[in-house]
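# Notes for the structure review
The chain contents come next:
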Amino acid sequence: MAASDLLMEAAVLAPLVLLLAAAARTDLRDRRIPDGINAALLALGLAVAVFGVGTVPWPMALAGAGAGLVVTAAARLLLGRRAVGLGDVKMTTAVGAWL
């Protein structure tokens with residue numbers, strides 16, 4: 001892999017890492033994940049896919065977001081309201097767009 005490819009990949013993944021770190025910090029401190037972080041993760045994940053700079057094509061990013069939502073919503077239904085918070089549901093949906 002060329003150095004320019006590695007640089008592009010690092011530039012694409014940097015916002016993901018920074019947003020996940022911010023989410024982890026606020027979740028540990030306040031036991032909540034702000035909607036703004038989740039919305040930014042979802043929007044960036046889909047944008048990266050749509051513009052073709054990531055490794056996942058946009059239909060797969062959309063499917064990943066949907067799968068994240070379905071799996072986490074099912075866990076919430078099966079395990080009860082206290083099993084996962086709504087921020088966790090949104091985070092799983094947003095991360096699904098990147099995967």
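Use the structure listed above.
This section reports on the structure supplied with the text. (Residues numbered from 1 in each chain as written. Predicted model: local features only at pLDDT ≥ 70, side-chain atom pairs only at ≥ 80, totals over all residues. Heavy atoms only, no water.)

### With respect to the layout of surface pockets
Taken as a whole, the second largest pocket spans an internal volume of roughly 190 Å³. Along the walls of the second largest pocket sit E9, V12, L13, G45, V48, A49, V53, G54, T55, V56, A97 and W98, which together make up its complete lining. For the lining of the second largest pocket, the secondary-structure elements that each account for two or more residues are α1 (3–30), α2 (35–50) and α4 (86–98). (1 Å grid on protein atoms, 1.4 Å probe; cavity = no way out; pocket = protein on both sides within 12 Å on 5 of 7 lines; lining within 4 Å. Points joined across faces, edges and corners; volume = space filled by probe spheres on them. Helix = DSSP H or I, 4+ residues; strand = E, 2+ residues; numbered from the N terminus.)

### Quick look at a nonpolar patch on the surface
Judged by side-chain polarity, M8, V50, F51, V53, W58 and L62 come together as a nonpolar surface patch covering roughly 650 Å² of accessible area. Judged by its relative accessible area of 67%, F51 is exposed. (Patch = residues over 30% accessible without salt bridge, like charges linked within 9 Å, V, L, I, M, F, W, Y side chains within 5 Å. Areas by Shrake-Rupley, 256 points an atom, 1.4 Å probe, with all protein chains shown as cover. Salt bridge = Lys/Arg side-chain N within 4 Å of Asp/Glu carboxyl O. Buried < 20%, exposed > 50% of the residue type's maximum accessible area, 1.4 Å probe, protein only.)

### A few points about the nonpolar core
The biggest cluster of nonpolar side chains holds eleven residues, and these are V12, L16, L19, A23, I33, I37, L41, V48, M91, A94 and W98. Mapped by element, the contributors of at least two residues to this core are α1, α2 and α4. Broken down by element, this core gets its largest block of residues, four residues, from α1. Those residues in contact with W98 that lie beyond four places of it in its chain are V12, L13, L16, L41, L44, G45, V48 and V56. (Core = buried A, V, L, I, M, F, W, Y, C linked by side-chain atoms within 4.5 Å. Contact = heavy atoms within 4.5 Å.)

Honestly, that's just the spatial picture; any functional story needs more than this.
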